[in-house]
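Below, each chain spelled out in residue letters.
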Amino acid sequence: MDEGDDYGTGGLMDDPEDYYPSTPPPTQQVFTMGSGREIVLNLVGHSPTEAHHLWNGAKIVSDYFEEDPTRVRGKTVLELGAASGLPSLVAGIFGAKKVVMTDFPDPDIVMTMQKNINACDEAFEPRGHIAKTIDAVGFVWGGDPVPLIARLSPEGDGGAGSAATGRRFDVLILADLLFRHSEHGALVKTMRETMEISRHSAAYVFFTSYRPWKKDLDMGFFDVAREAGFEVEQVLEKKLEKPLFENDPGDLDVQKTVKGFVVRWPEGV
Ligand SMILES: C[S@@+](CC[C@H](N)C(=O)[O-])C[C@H]1O[C@@H](n2cnc3c(N)ncnc32)[C@H](O)[C@@H]1O
């Protein structure tokens with residue numbers, strides 16, 4: 001019997017040409033800073049981990065840094081679940097000393113983060129500064145923090161210097177990461193293992209409850225953080241004109257609202 005014989009079904013058993021939906025192509029978004037400067041952001045076309053959007057958490061925490069750049073200036077910054085990495089770029093623009101932008105170690109996502117660093121480097125003077133300051137790295141929440149902390153070594157290339165000096169990150173950014181309730185413990189573990197043990201370090205946790213009926217579960221993150229010894233303070237609540245996703249179910253006011261919290265080590269640590 002010849003290869004390709006269709007047993008007389010006339011091709012009935014073949015997959016139609018468009019049987020496997022093609023992967024959506026990458027997209028671009030332009031974020032306009034308060035100053036009017038634009039940042040062009042590339043996003044992966046599709047992501048089971050939700051890296052294919054620019055979420056409100058990233059936009060509003062970026063505005064928050066621009067309102068008072070001392071929140072990031074001269075600081076070492078770690079962003080978790082960055083996707084486009086907008087807040088990391090803004091931190092770099094406003095003079096952060098070192099920024100490590102991380103997301104799930106999917107090559108497509110890491111490549112896209114690096115593309116955004118390169119594009120921002122070309123757009124913002126002095127040329128070469130953003131590229132030198134910001135690293136794009138794959139990292140799973142709760143994973144080994146040593147390779148991240150090692151990025152703070154003077155070589156800045158993952159050498160063991162900083163791991164040896166014990167210096168950690170002054171600022172952490174968690175933008176729209178609370179929707180995965182099973183991961184709250186892993187996020188808090190990473191906060192404990194990467195945030196400089198000082199009253200002056202801060203984790204900026206900005207988010208919207210896109211599924212309003214689960215907002216108490218989203219907020220459960222802060223109970224896990226408190227149980228781990230952190231102090232939690234709400235610093236922002238902003239209602240946007242419209243929700244990120246039109247026609248989503250649930251309370252519209254909740255969908256339009258972005259909340260910002262700062263998580264710190266307690267006094268006297
Ligand atoms: C809702 S998106 C938020 C993206 C970005 N922070 C923003 O505000 O635009 C969640 C991000 O977390 C990442 N992520 C989800 N689970 C993760 C995990 N276990 N470890 C690392 N990153 C994860 C996703 O890839 C995605 O980029």
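If you're wondering where the values come from, they're calculated on a predicted model, not measured in any experiment.

Caption draft 1: Seen up close, the site of the ligand. In the vicinity of the ligand lie 22 residues, with Thr49, Ala51, Trp55, Ala58 and Gly81 positioned nearest. When its residues are assigned to classes, the shell around the ligand shows 12 nonpolar, 5 polar and 5 charged.

Caption draft 2: Molecular detail of helix H1 (residues 56-67). Spanning 12 residues, H1 covers 16 Å between terminal C-alpha atoms, matching the ideal 16 Å at 1.5 Å per step. With 9 of 12 residues buried, H1 lies mostly within the body of the structure. Among the residues of H1, Asn56, Gly57, Ala58, Lys59, Ile60, Val61, Ser62, Tyr64 and Phe65 are the ones counted as buried. Elements in contact with the buried residues of H1: strand E1 (27-32), helix H2 (86-93), strand E6 (171-175), strand E7 (202-207), strand E8 (231-239) and strand E9 (257-264).

Caption draft 3: Local environment of helix H3 (residues 107-123). Given a rise of 1.5 Å per residue, 17 residues ought to cover 24 Å, and the 24 Å separating the end C-alpha atoms of H3 matches this to within 8%. When H3 is considered as a whole, its buried residues turn out to be Ile109, Thr112, Met113, Asn116, Ile117, Cys120 and Asp121.

Caption draft 4: Focus on the packing of H1 against H2. It is the contact of H1 with H2, at a shortest axis distance of 8 Å, that shows an interaxial angle of 15°. With respect to H2, the axis of H1 lies roughly parallel. For the pair H1 and H2, the crossing hand works out as right-handed. Residues Ala58, Lys59, Val61, Ser62, Phe65 and Glu66 of H1 form the contact with H2, whose own contacting residues are Leu86, Pro87, Val90 and Ala91. Partitioned by chemical class, the residues of the contact of H1 with H2 number 7 nonpolar, 1 polar and 2 charged.

Caption draft 5: Focus on the UniProt feature "binding site: S-adenosyl-L-methionine" (unreviewed entry) in the protein chain. Following the UniProt record, the feature "binding site: S-adenosyl-L-methionine" (unreviewed entry) maps to Trp55, Gly81, Ala82, Ala83, Asp103, Trp141 and Ala175 here. Relative to the elements of secondary structure, tryptophan 55 occurs in the loop between strand E2 (38-43) and H1. Apart from the residues lying within four places of it in its own chain, the contact partners of tryptophan 55 are Ala175, Asp176 and Leu244. Along the chain, alanine 175 turns up in strand E6.

The rules we used
- Residues numbered from 1 in each chain as written.
- Predicted model: local features only at pLDDT ≥ 70, side-chain atom pairs only at ≥ 80, totals over all residues.
- Near = placed C-beta within 6 Å.
- Nonpolar A, V, L, I, M, F, W, Y, C, P; charged D, E, K, R; others polar.
- Helix = DSSP H or I, 4+ residues; strand = E, 2+ residues; numbered from the N terminus.
- Expected span 1.5 Å × (residues − 1).
- Buried ≥ 20, exposed ≤ 12 C-beta atoms within 10 Å, placed from the backbone.
- Contact = placed C-beta atoms within 7 Å.
- Axes fitted to C-alpha atoms, helices over the stretch in contact; angles between N-to-C directions.
- Parallel < 35°, antiparallel > 145°, perpendicular 65-115°, else oblique.
- Left-handed = near helix turned anticlockwise from the far one by under 90°.
- UniProt positions renumbered as here; feature names shortened; annotations may be inferred.

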